[in-house]
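# Descriptive analysis of the structure
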Protein chains: 2
Amino acid sequence: MEGRISADLLRGHTDTIVLGILLKNDAYGYQIYKSIMDRTDGLYQLKEATLYSSYKRLEKEACIVAYWGDESQGGRRKYYRITDKGRIQYKQNIADWEFTQRILNRLLKEEDN
Amino acid sequence: MEGRISADLLRGHTDTIVLGILLKNDAYGYQIYKSIMDRTDGLYQLKEATLYSSYKRLEKEACIVAYWGDESQGGRRKYYRITDKGRIQYKQNIADWEFTQRILNRLLKEEDN
DNA sequence: TCAATTACTTTGTCTGTCATAGTATTTTAT
DNA sequence: ATAAAATACTATGACAGACAAAGTAATTGA
């Protein structure tokens, strides 16, 4: 694997990653984007557009809420806060992911190679 | 997780699963379908249509080749055999998947919960 | 003999990611 | 002081894999 995870393997994890970051602190869109780049040394190359559509989706599902930051210093920043529903969703997503890993391991690793 | 892995988490693994099954023996389409159902107790619910489009894709990429089985006993069965290119692709897919898991773990598990 | 299962195929829909493009402000370099 | 780069957000359309739904036809089982 050279540097770039395929869109198909990323798929379905974006919302979980966003919720995971917001668990600790509120954050604004671009900050979340940078945070993912930093924490994975640029290996997990989610695109800005992908994240912004994730925010929109999560907001619609009431998993996060948005508010504009204090614009007195610096440019406008739209912050997101996780909701109780978002926390529940996060736990569910992690459980789903672990379940999927277990099943995939059963299918792919158990016997051959 | 109650019984059904979301399409988004399945995404990108279908070809790998098919190749993994064909590593051991040639198999025909419906047999592969049943095999996945059996080996995961029906938890990994790939649909027939999904698998058939995977076969088509893998054939086009020369990762598998198809041949009609001996129709003298029973109905027609289209068998698939993995190619050398398919074996290489399989290893690459597994590597990609493990890489992705590592990155995701770094993002999702390291710090919080 | 009639229903269920096996076995394969096709068509169209949905949705998350991406490419591309754009606006506007702030920071950095020259 | 000014131009370039980085920050920050948004919108639009394309793409591709998984799915729903439907269908054909032969075989098996009750």
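Starting from 1, residues in each chain are numbered consecutively following that chain's sequence as written. For naming, the first written chain is A and the first written ligand is 1, with later ones following in the order written. Selection of residues for local features in this predicted model requires a pLDDT of at least 70, selection of side-chain atom pairs for listing and counting requires 80 or more, and totals for whole chains, interfaces and linings are taken over all residues. Excluded from the side-chain calculations are hydrogens and water; all other atoms, namely the structure's heavy atoms, are used.

## Points about the interface of chain B and chain A
Contact residues are listed per partner, giving 36 residues for chain B and 37 residues for chain A. Each partner contributes to the roughly 4,000 Å² buried at the junction of chain B and chain A, and carbon and sulfur atoms together form 65% of this total. When a carboxyl oxygen of Asp or Glu is within 4 Å of a side-chain nitrogen of Lys or Arg, the pair counts as a salt bridge. Joining chain B to chain A, the criterion identifies four salt bridges. The residue Asp41 of chain A makes a salt bridge to Arg106 of chain B at a minimum N-O spacing of 3.2 Å. Residues count as neighbours in contact if any of their non-hydrogen atoms are within 4.5 Å of one another. Buried area: the accessible surface (1.4 Å probe) lost by two parts on joining, summed over both.

## A few points about the relation of the copies chain B and chain A
Least-squares fitting of chain B to chain A yields an RMSD of 0.0 Å, with the transformation described by 0.0 Å of translation along the axis and a rotation of 180°. In the structure described here, the two chain copies are related by an operation that fits a two-fold rotation axis. Taking C-alpha positions as reference, the residue of chain B nearest the rotation axis is Arg11 of chain B, located at 3.5 Å. In this assembly the copies share their binding face: 100% of the residues contributing to the interface of chain B also contribute to that of chain A. Only residues with pLDDT of at least 70 in both copies contribute their C-alpha atoms to the least-squares superposition of the copies.

## Quick notes on the pattern of salt bridges
All names here are of chain A. Counted according to the given criterion, the structure contains ten salt bridges over all chains. Residues Arg81 and Asp26 are paired through a salt bridge, measuring 2.9 Å at the closest nitrogen-oxygen approach. With Arg81 in strand 3 (residues 78-82) and Asp26 in the loop between helix 2 (14-24) and strand 1 (27-28), this pair connects stretches of sequence that are 55 residues apart. Every helix listed is a DSSP run of H or I at least four residues long, and every strand listed is a run of E at least two residues long, numbered separately from the N terminus.

## Some words on the sheet that holds strand 2 (residues 64-68) of chain B
Residue and element names in this part refer to chain B. One requirement defines pairing of two strands: DSSP has to find at least two bridges between them. Taken in spatial order, the three strands of this open sheet run 1-3-2, and their pairing is antiparallel. Since the sheet does not close on itself, it has two edges, and those belong to strand 1 (27-28) and strand 2, each with one partner. Inspection of the sheet shows strand 2 paired to strand 3 (residues 78-82) by five bridges, in the antiparallel sense. Paired with Ile64 across the bridge in strand 3 is Ile82. Every axis in this analysis is a line fitted to C-alpha atoms, fitted for helices over the stretch in contact. Angles between the N-to-C directions lie between 0 and 180 degrees. Relative to strand 2, helix 4 (residues 48-60) is tilted by about 115°, and along the sheet it contacts strand 2 and strand 3.

## Comments concerning empty space enclosed by the protein
Each cavity reported here is a set of points on a 1 Å grid over the protein atoms alone in which a 1.4 Å probe fits but cannot get out, each pocket an open set with protein on both sides within 12 Å along at least five of seven lines, and each lining residue one with an atom within 4 Å of a point. Grid points are joined across faces, edges and corners, and a volume is the space filled by probe spheres set on the points. Under the definition given, this model contains one cavity of 30 Å³ or more. For the largest cavity, the calculated volume is near 120 Å³. Listed by contribution, the elements that provide at least two residues to the lining of the largest cavity are helix 1 (7-10) and helix 5 (84-108) of chain A together with helix 1 (7-10) and helix 5 (84-108) of chain B. Residues of the lining of the largest cavity, tallied by class, amount to six nonpolar, six polar and four charged. All residues other than Ala, Val, Leu, Ile, Met, Phe, Trp, Tyr, Cys, Pro, Asp, Glu, Lys and Arg, Gly among them, are scored as polar; the first ten of these are nonpolar and the last four charged.

## Some points on the side chain of Thr83 of chain B
All names here are of chain B. Relative to the helices and strands, Thr83 resides in the loop between strand 3 and helix 5. The term polar contact refers here to a pair of N or O atoms within 3.5 Å; inside protein, the definition further demands a hydrogen-donor-capable atom paired with an acceptor-capable atom, and it admits residues adjacent in sequence only when both atoms are side-chain atoms. Here Ala62 takes part through its backbone oxygen, which lies 2.7 Å from a polar atom of the side chain of Thr83. Look past the residues within four positions of Thr83 in its chain and what remains in contact with it is Ala62, Cys63, Ile64 and Val65.

## Points about the protein's contact with DNA strand C
By convention in this text, a residue qualifies as near a molecule or strand provided that one of its non-hydrogen atoms is within 4 Å of it. Around DNA strand C there are 27 residues in total, and Arg4 and Arg11 of chain A together with Tyr30, Arg77 and Lys78 of chain B lie nearest to it. Within 4 Å of the protein, the atoms of DNA strand C are drawn from sugar and phosphate moieties in a proportion of 74%. The contact in question runs from a phosphate oxygen of DNA strand C to an N or O atom on the side chain of Arg57 of chain A, over 3.4 Å. Breaking the surface near DNA strand C down by element, the ones donating at least two residues are helix 1 and helix 4 (48-60) of chain A together with helix 3 (29-39) and helix 4 of chain B. Its residues placed into classes, the surface near DNA strand C shows eight nonpolar, eight polar and eleven charged.

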